[in-house]
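One-letter residues, chain by chain:
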Amino acid sequence: MLVNCSDLVDVETAQAAVPADKVRELAAIGPENFKRINQAVAAALDAGQTALINDVIEVDSFNVGEPELLQALAPSRVLEAFTSACAAGQLEVIVELWRTHTEAMAAYLAGEGRVQNIPEKSGRWYPVWVASLNGRHAVVKWLLEELGAAADENSARGGTALGV
């Protein structure tokens, strides 16, 4: 549902209870920034959907200063936490997962394992794709440079992260 709503985001056509407020706020934002605002809101909705689907409270706990749950995460749940963090641009979470769950993440990036057993969400390309889709440039850069993730590898459906 949240992903569907992300396609509806358009700051320029948004409604306001007080029309003068809309005019004032849109002028303050500036038309040159509308696309960036739309992308940021859509990315937040998509990341929220990913987190809901993956049900990874451990990522939230880490983000509020309680790393123990993430560090103790069962290997079978690492991929869901990893992809949720990629979608949300949470580089600190990804680095901590790599530090504490290197083996599970390395296997996933080598093409072993799937998120939620969905073939389309397997392999070295998916984390880069989901981070790219949501405009998470720092995460994409880290995945490519530090982990050797693949930006140009085809997904099960033939697309690449470069095409996002």
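Our structure's up above, just so we're on the same page.
In short, a report on the structure.

Parameters at a glance
- Residues numbered from 1 in each chain as written.
- Predicted model: local features only at pLDDT ≥ 70, side-chain atom pairs only at ≥ 80, totals over all residues.
- Heavy atoms only, no water.
- Phe/Tyr/Trp six-rings, centres within 6.5 Å; stacked < 30°, edge-to-face > 60°.
- Helix = DSSP H or I, 4+ residues; strand = E, 2+ residues; numbered from the N terminus.
- Buried < 20%, exposed > 50% of the residue type's maximum accessible area, 1.4 Å probe, protein only.
- Arc of directions from axis to C-beta.
- Contact = heavy atoms within 4.5 Å.
- Axes fitted to C-alpha atoms, helices over the stretch in contact; angles between N-to-C directions.
- Parallel < 35°, antiparallel > 145°, perpendicular 65-115°, else oblique.
- Left-handed = near helix turned anticlockwise from the far one by under 90°.
- Nonpolar A, V, L, I, M, F, W, Y, C, P; charged D, E, K, R; others polar.

A short note on the packing of aromatic side chains
So, point 1. Taken as a whole and assessed by the stated rule, the structure comprises one aromatic pair.
So, point 2. With centroids separated by 6.1 Å and ring planes inclined at 90°, the aromatic side chains of Phe 82 and Tyr 108 adopt a geometry described as edge-to-face. Taken together, the residues span a long stretch of sequence, with Phe 82 in helix 6 (residues 78-88) and Tyr 108 in helix 8 (residues 102-109) at a distance of 26 residues.
So, point 3. In this structure Phe 82 comes out as buried when scored by relative accessible area, which is 0%.

Some remarks on helix 10 (residues 137-147)
So, point 1. For helix 10, the complete set of buried residues consists of Val 139, Val 140, Trp 142, Leu 143 and Leu 147. Projected onto a plane normal to the axis of helix 10, the buried residues spread over an arc of 165° and lie on a single side. Across helix 10 from its buried face, at more than 90 degrees, point the exposed residues His 137 and Glu 145.
So, point 2. Each element contacted by the buried residues of helix 10 is listed here: helix 6, helix 7 (91-100), helix 8 and helix 9 (126-133).
So, point 3. Of the residues trailing helix 10, Gly 148 is marked for its positive phi of about 70°.

Section: the packing of helix 7 against helix 10
So, point 1. Viewed as axis vectors pointing N to C, helix 7 and helix 10 meet at an angle of 25°, and their least axial separation amounts to 10 Å. Compared by their axis directions, helix 7 and helix 10 come out roughly parallel. Between helix 7 and helix 10 the crossing geometry is right-handed. For the pair formed by helix 7 and helix 10, the contact residues are Leu 91, Ile 94, Val 95 and Trp 98 on the first element and Ala 138, Val 139, Trp 142, Leu 143 and Leu 147 on the second.
So, point 2. For the contact of helix 7 with helix 10, the class distribution of residues is nine nonpolar, no polar and no charged.

Focus on the packing of helix 6 against helix 9
A pair of packed helices is captured by two measures, namely the crossing angle of their axes and the spacing between those axes.
So, point 1. Packing of helix 6 against helix 9 brings their axes to within 7 Å, and their N-to-C directions diverge by 30°. The angle between the axes of helix 6 and helix 9 places the two elements in the roughly parallel class. In terms of crossing hand, the pair formed by helix 6 and helix 9 is right-handed. Contacts between helix 6 and helix 9 pair Phe 82, Thr 83, Cys 86 and Ala 87 from the former with Tyr 126, Pro 127, Val 130 and Ala 131 from the latter.
So, point 2. Grouping the constituent residues of the contact of helix 6 with helix 9 by class yields seven nonpolar, one polar and no charged.

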